[in-house]
Amino acid sequence: MPLHLALDGEKHSIEILRRKPHLVLNVDGRIYEIPEWSAEPIGEMVLDGNTVAVARAIEDAGRETCFVRIDGRTHEVVLIDPREEFAGHDAARDEIHAPMPGAIVSIHKSAGEQVTRGETVITIESMKLQTALAAPRDGRLRDVLKKPGETFDKDELLARLEPADEA
Amino acid sequence: MSGSEKPKPLFGKVLVANRGEIAVRVMRTLRAMNIASVAIYHRVERNAVHARFADEAHEIRGETPVAAHLDADAIIAIARSCGADAIHPGYGFLSENAAFARKVAAAGLSFIGPDADTIELMGDKISARNFAAAHGVPVAPSVQAQDDIDAFITSASAIGFPLLIKAAAGGGGKGMSAVRDASELRERARIAAGEAQRYFGDGRIYAEVYVERPRHIEVQVLGDGKGGAIHLLERECSIQRRFQKIIEEAPSAPLPEATRGAICEAAVRLAAAARYKNAGTVEFILGADGRFFFLEMNTRLQVEHPVTEMICGIDLVRTQIEIAAGLGLPLSQSEARANGHAIECRLCAEDPDSGFLPATGSIRLLRAPAGEHVRFENALEEGQRVTADFDPMLAKLVVWGKDRGEATGRMIAALRQLTILGLRTNIDYLVRVLETPAFRDGALHTGFVAEHADALAPAPVEARLRDRILIAAALGQRTFRDAITLVEEPYASMAGWRN
Amino acid sequence: MRKIQSMISTMSADFRRNEARNRDLVAQFRERQERARHARPKRDLERLASQGKMRPRERIEKLVDPGTPFLELSSLAANMAYDGESPSASSIVGIGIVSGREVILRADDPSVKGGAWYPLSVKKIVRALDIAIENRLPMVHLCDSAGGFLPLQSEVFPDRHMAGRIFRNQSILSKMGVKQLSLVFGHCTAGGAYIPALSDYSVIVRGTGAVFLGGPPLVKAATGEESTVEELGGADMHTSVSGTCDYPAANEDEAILIGREIVAQWDRPRKWPIQSQAPEPPAYDPQELYGILPDDIKKQFDMREIIARIVDGSRFHEYQPNYGSTLICGYANIWGFKVGILANNGVLFNDSSLKGGHFIELCDQNNTPLVFLQNITGYMIGRDYERRGITKDGAKMIMAQSCARVPKFTVMCNGSFGAGNYGMCGRAFDARLLFAWPNHQIGVMGGDQAANTLVEVKANQMRRAGEEVDRATLERVRSETLAAYQEQISAWYSTSELWDDGIIDPVDTRNALGMAISVSSNAPLGEKGYGVFRF
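Residues numbered from 1 in each chain as written. Chains lettered and ligands numbered in written order. Predicted model: local features only at pLDDT ≥ 70, side-chain atom pairs only at ≥ 80, totals over all residues. Heavy atoms only, no water.

## Remarks on the pairing of strand 2 (residues 36-42) of chain B
Residue and element names in this part refer to chain B.
- A large share of strand 2 lies buried, amounting to six of its seven residues.
- By the bridge criterion, four bridges tie strand 1 (residues 13-16) to strand 2 in an arrangement that is parallel. If you follow Val16 over to strand 2, its bridge partner there is Ala39.
- Each parallel crossover has a hand, and the one from strand 1 via helix 1 (residues 20-32) to strand 2 is right-handed. (Buried < 20%, exposed > 50% of the residue type's maximum accessible area, 1.4 Å probe, protein only. Helix = DSSP H or I, 4+ residues; strand = E, 2+ residues; numbered from the N terminus. Pairing = 2+ DSSP bridges. Right-handed = clockwise from strand over helix to strand, strands pointing away.)

This is the structure:
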């Protein structure tokens, strides 16, 4: 499958057409032959006779960004994770279920609040262990179905997110 | 070997109470002068370049890294315990803290800078203004806020609008706001006083004339502490954003000779009157009508001191140390000659396309520009994390040229050669500023960046270049590279064959 | 090794006539192939689209690595069966590269009768698994089938090499340590449910994929229980409750991505090192093959001309060049791999049979794969030859060829008649892959010969019955017999019945063999040994 990248807010795709005798790539339908390229993720490479400096950086949000400096100007290219692109609406991604039976310790976010992926929404306790249950994705919390102190069974639904908008 | 011995160093050991590029720069001169250097660092910067560059380094503690660098007592204690005989405060942090300077002296150490009294005098913007006015240095009409807020409003309005509200204890561009007309004045004054109290611990404010399209001209002075003072020409720092300088040059952009002379002379007069000791900078604003007003005096080494060094052929840190050691001024006014033109750009971790919001990240790739007449003042290395703990300035690039045109061209080339990748920086933005016709023509003023905002937006990328960028980015990605290299023969050569 | 010196003239009338005819044959082949691959009723395509499903070829193109070759096998399977209701036998099989690794993959074609398995579909799937077993090739199943085609269940279900063989082969493949991945895009019902269950890894698409031994209607009829497809065998149930499938996917694109990631985890095989060197294209243009193959099956041509347009640099080291001249034997390289080639230049005599047997043993000794280029009408017959032991000599060649442990590949370049098929590694002799050219014909004997014999038999029958046997009747019988016979010996027919692994354009032979040899080296060579040679 082609590699998708975003530059200045626009999406592009690159596909490998051929590897030997030369690398040939298809960039949005335009064909390029690249006789020489270096295998380092950081450093200089020669492309089309120009020296290009490339460095890949992973931002804290988990997005993979590549900084490319060419002709004395720096550009930021976002490498789109295909799994993120194709993973569609899951029930799993709209709901928080109890991984085991237990009781609610505390609720950290309330209905209508924005949450980010990985942010703790509920703390539960089970078998004398406390576990943080996190939001499966960025979004708005639709409701929390339990109050502190209440108990629940394994797999019971504890909280829901509003369905994500179509991007 | 002949009989001459190496001269005894002026100090045995100097603690540099600072960090980053200025700490490294000061230590470079210390090393050249055969003086041992001591660095201080907070835990978050324990692997920093400046800590490793020094001959010895000690950890400082604090609730925040900045707080640690402001802990005067701890720093002095370290200096004493490691046998340092002097402290160089750099710029920022404790460099203009009179109490610190006093404590250093009380501890029996030399403070490489002016006397505490001078720091105190010039640190209070209102007392500095009054002192300047008393010694014939032009000051902008201003009114200090007293308890009677209505009286303040009336006299401030008399200055005329627009005017500036400033914090007495502020400085370095902080604690200022503009007021366009009378209706805003009361509210702005109230807010400004509150902020001044919060940020500087001193709620006094004053209102000052607001000069339209002002140029920021400052003069490097040296004083011997006995009333003798010279100037080393002026610098122009009119290219600013959010009141912070980003491009400085020496000498200034084209300026009538008479005006230049008057400004420098006024600066020297002030320094001499204050019996200023060591290096300092007197800052002025210059209006289009040729009137100039005293802004403030910075009783320390400035960030942009290298441009003066390059045109005067002098090492200002060396001069500071010599004066602190009791030597006099290194040269007389008539000996102070300038040659050529120098420009400095401050390289910051910020996003010029998003209101200059500070950026964070890691330095993944660093390639310094090379060449004669190019100074890359930095304490950077690949792999370094850039966080929000400290000021967003990463480094300084300083170049010299035989004239302003050559210096500008050389700076543009050096910026384009410089590579710092892994986080957003203002490098490309600085190139765009230098390339504007207005800059080349010297049509500078402190509103330059705002005035040319549209022209300074990045140009769109043309299609062929964009494809190369995308290819470079793709080839930088591990999975993509593997997809290319991990297909063996004969499949690599058969490519997309179908039967 | 010296370059073969070509003796043909590309300007000659013969060459041009052959070329026209062969290009036309290839055009017919391409046209049939295009239809078999793509022509589908609009209604079926719309239904697929409305279900959010991709066409199976689209799935394959996304699964395989970009810029890599794909060798499709038996694209014209079932083209002359079932009134054309099952193009490609409702199944796509091919060898390709996924995440840098060689795999064989097979995809059900849901755009044909819901992907139901016809008898030849089952034969094609079993053959795919046999190839996987013989070559230790990992297998990817792209499952989307309604199950066995009920009206023909007696040819799909009960016998040894019918549907059950699929699951037996999967088990044996697994026992051999060769990996299998199933991507469940549609329903896997009844026997079909065992495919993902017997795969080492499985991915199932939520909403369209399902695995159950009996679907909701069958369950309701059997026990009265009512349930939805999702409840009974859907993605979430199987990936979180029963553990029958491993990964749920929100859609087909995600399923394919997960599949590629799974294959990327697989250990790269330790291949058996075939002697090889840097590859080199043939010195002569492979397009010239069209002008070399004659338009009449009875006309002879020099196989060296064929070899020269397939092997690297057209270089060939001929073995016993002056002996047994009706069988060419020698070494060459194809895509850099060293191979031993046996090619027919006429009927097999005593000397050529002995030469063939000996050369096969030499290649076996040398760990060199064998490539058989068939154009054979049979062994020489007659009293003198029998006295010299032609039957024994043919037997010895068959013994050597059957027992050789190196990989064997066969290309049906032209005729393959009678016992010559055997000695030259026909279908029964376990060539790892066997391809046919569009001009290929295969039968126990040639068309004319068969027709004449059958006419004789028929005439005698009629005379015994007291019927009038005149010239006109004989002619009629003859032409009817010939027509039926011609149909059954054509390449279209043989590929329809899966007597080969696919018709290929002659110019594609080099690439097909290159890929075949490469995948064959995933399996270690077996034990060396032969039976008794009757000397």
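Don't stop here, the text continues.
## Some words on the interface of chain B and chain C
- Taken together, the contact between chain B and chain C spans 12 residues of the former and 26 residues of the latter.
- At the boundary of chain B with chain C, total buried surface from both sides reaches about 1700 Å², with 57% on carbon and sulfur atoms.
- Looking only at chain B, the three residues that lose the most surface to chain C are B:Tyr491, B:Trp497 and B:Asn499, adding up to 48% of its buried area.
- Inspection of the chain B/chain C interface yields one salt bridge.
- In this structure, the connection of chain B to chain C is made through 10 residue pairs in polar contact (both at pLDDT 80 or more).
- For the side of chain B that touches chain C, a count of residues per class yields seven nonpolar, three polar and two charged. (Contact = heavy atoms within 4.5 Å. Buried area = accessible area lost by both parts, 1.4 Å probe. Salt bridge = Lys/Arg side-chain N within 4 Å of Asp/Glu carboxyl O. Polar contact = N/O pair within 3.5 Å; in protein donor to acceptor, adjacent residues only side chain to side chain. Nonpolar A, V, L, I, M, F, W, Y, C, P; charged D, E, K, R; others polar.)

## So, the interface of chain A and chain B
- On the chain B side, the residues contacting the 52 residues of chain A number 45 residues.
- When chain A packs against chain B, the two sides together hide about 4300 Å² of surface, and 63% of this comes from carbon and sulfur.
- Looking at the side of chain A facing chain B, the largest losses of area belong to A:Arg19, A:Arg69 and A:Arg73, adding up to 15% of the total buried there.
- The interface formed by chain A and chain B contains four salt bridges.
- Across the pair B:Asp467 and A:Arg30 runs a salt bridge whose closest N-O atoms are separated by 2.6 Å.
- Scanning the region where chain A abuts chain B turns up 14 residue pairs in polar contact (both at pLDDT 80 or more).

## Focus: unusual backbone geometry
- Along the chain, B:Ala250 connects to B:Pro251 via a cis peptide bond; the corresponding omega equals -15°.
- Inspection of the secondary structure assignment puts B:Pro251 in the loop between strand 12 (244-250) and helix 10 (257-273).
- The linkage connecting B:Glu489 with the following residue, B:Pro490, adopts the cis geometry, with an omega of 0°.
- In this model, A:Asp71 sits at a positive phi of 55°, which is unusual for a non-glycine residue.
- Locating A:Asp71 in the fold gives a position in the loop between strand 7 (64-70) and strand 8 (73-79).

## As for the domain arrangement of chain B
Residue and element names in this part refer to chain B.
- Domain annotation of chain B identifies domain 1 (13-112), domain 2 (141-209), domain 3 (215-456) and domain 4 (461-499).
- Interface area for domain 1 against domain 3, summed over the two sides, is near 2200 Å², with a carbon-plus-sulfur share of 60%.
- Our count for the contact surface shared by domain 1 and domain 3 stands at six salt bridges.
- The partner of Arg300 in a salt bridge is Glu96, and the shortest N-O contact between them spans 2.9 Å.
- Counting across the interface, domain 1 meets domain 3 through 10 residue pairs in polar contact (both at pLDDT 80 or more).
- Counting only elements with at least two residues in the side of domain 1 that touches domain 3, the list comes to helix 1, helix 2 (49-53) and helix 3 (65-69).
- Top element by residues in the side of domain 1 that touches domain 3 is helix 1. It accounts for 10 residues.
- Residue composition of the side of domain 1 that touches domain 3, grouped by class: 14 nonpolar, eight polar and seven charged. (Domains from an automatic or database assignment.)

## Looking at the packing of aromatic side chains
- The full count for this structure, using the stated rule, is 15 aromatic pairs over all chains.
- Plain terms: the ring middles of C:Tyr82 and C:Tyr118 are 4.7 Å apart, the flat faces sit at 40° to each other, and that makes the pair tilted. Here the residue C:Tyr82 occupies a position in the loop between strand 2 (71-73) and strand 3 (91-98), and C:Tyr118 occupies one in the loop between strand 4 (101-108) and helix 4 (119-135), the gap between them amounting to 36 residues.
- By relative accessible area, which is 1% here, C:Tyr118 ends up buried.
- Ring plane angle 50° and centroid distance 5.6 Å describe the contact between C:Tyr530 and C:Phe533, whose orientation is recorded as tilted.
- A cation over an aromatic ring shows up here: B:Arg19 above the ring of B:Phe390, its NZ or CZ 3.6 Å from the ring centre. (Phe/Tyr/Trp six-rings, centres within 6.5 Å; stacked < 30°, edge-to-face > 60°. Lys NZ or Arg CZ within 6 Å of the ring centre and 35° of its normal.)

## Considerations on the packing of helix 4 of chain C against helix 6 (residues 163-175) of chain C
Residues and elements named next belong to chain C.
- For the pair helix 4 and helix 6, the least separation of the axes is 9 Å and the interaxial angle reads 15°. With respect to helix 6, the element helix 4 is oriented roughly parallel. In this structure, helix 4 meets helix 6 at a crossing whose hand is left-handed. Across the interface between the two elements, Val122, Ile125, Val126, Leu129, Asp130, Ala132 and Ile133 from helix 4 touch Ala163, Arg165, Ile166, Arg168, Asn169, Gln170, Ile172 and Leu173 from helix 6. (Axes fitted to C-alpha atoms, helices over the stretch in contact; angles between N-to-C directions. Parallel < 35°, antiparallel > 145°, perpendicular 65-115°, else oblique. Left-handed = near helix turned anticlockwise from the far one by under 90°.)

## Notes on the pairing of strand 10 (residues 215-224) of chain B
Residues and elements named next belong to chain B.
- Most of strand 10 is tucked away: nine of the 10 residues are buried.
- Two elements, strand 10 and strand 13 (residues 277-286), share 10 bridges in a ladder whose sense is antiparallel. Bridging from a neighbouring strand, Gly223 pairs with Asn278 of strand 13.
- Here strand 10 hands over to strand 11 (residues 229-241) after four residues, with Gly225 in that stretch at a positive phi of 80°.

## Focus: the environment of C:Val457
- Within the fold, C:Val457 resides in helix 18 (residues 447-464).
- Considering only alpha carbons, one finds C:Val457 and C:Asp393, 64 residues apart in sequence, at a separation of 31 Å.

## Thoughts on the confidence of the model for chain C
- Put simply, chain C has an average pLDDT of 93, and 100% of its residues get 70 or more.
- Quick note on the complex model: pTM equals 0.82, ipTM equals 0.91. (pLDDT = per-residue confidence, 0-100.)

## A word on helix 4 (residues 72-81) of chain B
Residues and elements named next belong to chain B.
- Among all positions of helix 4, only Ala72, Ile75, Ile76, Ile78 and Ala79 are buried. On an axial view of helix 4, the arc spanned by its buried residues comes to 155°, and they lie on one face. Of the residues in helix 4, the exposed ones pointing more than 90 degrees away from the buried face are Arg80 and Ser81.
- Lining the buried residues of helix 4 we find strand 1, strand 2, strand 3 (56-60), helix 3, strand 4 (86-88) and helix 5 (98-106).
- Once helix 4 ends, the next one or two residues include Gly83, with phi positive near 80°. (Arc of directions from axis to C-beta.)

## Description of the sheet that holds strand 12 (residues 120-126) of chain A
Residue and element names in this part refer to chain A.
- Read from one edge of the open sheet, four strands run 13-12-10-15, paired in antiparallel fashion. Of all strands in the sheet, those bounded by a partner on one side alone are strand 13 (129-134) and strand 15 (151-152).
- The pairing of strand 12 with strand 13 spans six bridges and is classified as antiparallel. Pairing of Thr120 across the sheet is with Ala134, part of strand 13.

## Looking at the environment of C:Met515
- The residue C:Met515 is located in helix 21 (residues 509-520) in this model.
- Apart from the residues within four sequence positions on either side, C:Met515 is in contact with B:Tyr491, B:Met494, B:Trp497, C:Pro69, C:Leu71 and C:Ile95.

## Examining the side chain of B:Asn499
- Looking at where B:Asn499 falls in the secondary structure, it is placed in the segment after helix 19 (491-494).
- A relative accessible area of 7% places B:Asn499 in the buried class.
- Aside from chain neighbours lying at most four places away, what touches B:Asn499 is C:Arg30, C:Gln33, C:Arg37, C:Phe70, C:Leu71, C:Glu72, C:Ile504 and C:Asp508.

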